[in-house]
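Architecture and fold: a report
Here are the chains, one letter per residue:
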Amino acid sequence: MSPRPADSPAPRGRSRRNFAGARPVMADVARMAGVSKQTVSRVLNDHPAVRDETREAVREAMRVLGYRPSASARSLASGRTRMVGVISFDAARYGPASILTAINTAAQKAGYLLSSIALDDTADHATVAEAVQRLSAEGADGVIAIAPQHRVGQALADTRLGTPLVVMENEIRGGTPLATADSRGGARQATEHLLRLGHATVRHIAGPAGWSSADQRVASWQDTLKAAGAEIHEPLVGDWSADSGYELGRELARRPDVTAVFASNDQMALGLLHALHEAGRRVPDDISVVGYDDIPEAAHFLPPLTTVRTDFAEIGTRLLRLLLDRIDGRTDAVAGAGDEPMIPVELVVRRSCGAPPRG
């Protein structure tokens, strides 16, 4: 008589052990179903190389025993931890915080846990590399980097990665997928809106140099003014905070020729509005202001702020999707950086803009 195949169910009438009072484990399921633990693992992961009757026998054993596969059991069976790592910078700001929240929500829906490391703006090359390596050592199936600074992108490019990687905003050599919003398009929309209202030129409060989004907005603002034949002034550089917008706003408020200002984020625009109010410069009667991001409070500024809306939730969701594509080895995930279309932005017009003052 030939031996029964290992993935065949136990013959009918075989005695079954009473497991009452003990939490069943994979070995118990295998014993009751009359198969190997490897076959149980294959059933847990829907492996195609299991006969239908064997699959049904294993599932019946799970039901009878009340077996619930643990995360560790699934990890052993699949070779994955179902955990993704995230490296974020300046996580207290609205944009990075919103992206991180969206990644976490999308990861939970996909059955993944999140392990995140928040680094400050001063993190150097070695710190970034250490963060990536720590997440890899923890068993992360892949890593997402919310990497807004060029030097962070360079650090990631120089780090030997043993795990899939996707990034936000920074193009990294080697075909790393990235997800980014259209900062150039947003800056163009903001500047063109102010020019269409009749302003001779537009001043700019920029984000810190070396930040991808800030540099792109500066370049697009300059290109738009140049195309319109408008005078281009040096941008005033802030640090994304309302305090920096306030200090730079005090400087702009002293210049009677300033009639329109585009700020690279809403927090700096808020500080600008404060400085203009203190100086007696009315918005929008004397000076028009446009921000960027459309934070939830922007509609409640005085006056309500015209701004460029960025879909941070879509950025986070897309980052997670790109990473899971890479983890699963889907062919569309190994395309070169830049192949993924940019996430569009939208100019939201409120009451902080108007025509320039007469005379």
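This section reports on the structure supplied with the text. Keep in mind that this is a model prediction, so the values were computed, not measured.

So, on to the sheet that holds strand S2 (residues 113-119). The five strands are arranged S2-S1-S3-S4-S5 in an open sheet whose pairing can be described as parallel. In this open sheet, the two strands that pair with only one neighbour each are S2 and strand S5 (178-179). Bridging between strand S1 (residues 83-89) and strand S3 (residues 142-146) involves four bridges; their strand directions are parallel. Bridged to Gly 85 within S3 is Val 143.

This brings us to unusual backbone geometry. Cis rather than trans, the peptide bond between Val 283 and Pro 284 has omega equal to 10°. Inspection of the secondary structure assignment puts Pro 284 in the loop between helix H11 (266-278) and strand S9 (288-293). Along the chain, Leu 302 connects to Pro 303 via a cis peptide bond; the corresponding omega equals -5°. Mapped onto the elements, Pro 303 comes out in the loop between S9 and strand S10 (306-309).

Across the interface, helix H1 (residues 26-33) lies against helix H2 (residues 37-44) with an axial gap of 8 Å and an inter-helix angle of 105°. Between H1 and H2, the angle is such that the two are roughly perpendicular. From H1, Met 26, Ala 27, Val 29 and Ala 30 reach across to H2, where they touch Lys 37, Val 40, Ser 41 and Leu 44. Taken together, the residues of the contact of H1 with H2 sort by class into six nonpolar, one polar and one charged.

Moving on: the pairing of S1. For S1, a buried count of seven out of seven residues is recorded, marking the element as mostly surrounded by other parts of the structure. By the alternation rule, side chains of S1 split into Met 83, Gly 85, Ile 87 and Phe 89 and Val 84, Val 86 and Ser 88, which are all buried. After leaving S1, the chain enters helix H5 (residues 94-109) and then returns to the sheet as S2, a path that is right-handed.

Among the structural elements, Gln 216 can be located in helix H9 (residues 212-228). Residue contacts for Gln 216: discarding those within four places in its chain leaves Ser 183 and Arg 184.

Criteria and cut-off values
Within any chain, residue numbers begin from 1 and follow the written order of that chain's sequence. Reporting in this predicted model follows two pLDDT cut-offs: at least 70 for local features of residues, and 80 or more for side-chain atom pairs to be given and counted; totals over whole chains, interfaces and linings ignore these cut-offs and use all residues. Excluding hydrogens and water, the side-chain figures rest on all heavy atoms present in the structure. For two strands to be treated as a pair, DSSP must find at least two bridges joining them. Think of it this way: any DSSP run of H or I at least four residues long counts as a helix, any run of E at least two long counts as a strand, and we number them from the N terminus. Here an axis means a line fitted to C-alpha atoms, over the contact stretch when the element is a helix, while the angle between two N-to-C directions is reported on a 0 to 180 degree scale. An angle below 35 degrees is treated as roughly parallel, one above 145 as roughly antiparallel, one from 65 to 115 as roughly perpendicular, and anything else as oblique. Any two residues having at least one pair of non-hydrogen atoms within 4.5 Å are treated as being in contact. Side-chain classes are defined by residue name, with Ala, Val, Leu, Ile, Met, Phe, Trp, Tyr, Cys and Pro counting as nonpolar, Asp, Glu, Lys and Arg as charged, and the others, Gly among them, as polar. Accessibility here uses a 1.4 Å probe with only protein chains present; expressed as a share of the type maximum, an area under 20% marks a residue as buried, one over 50% as exposed, and anything in between as partly exposed. Every crossover in which the path from the first strand over the helix to the second runs clockwise, viewed with the strands pointing away from the viewer, is termed right-handed.

Everything listed here is a matter of coordinates, which is why it stays silent on function.
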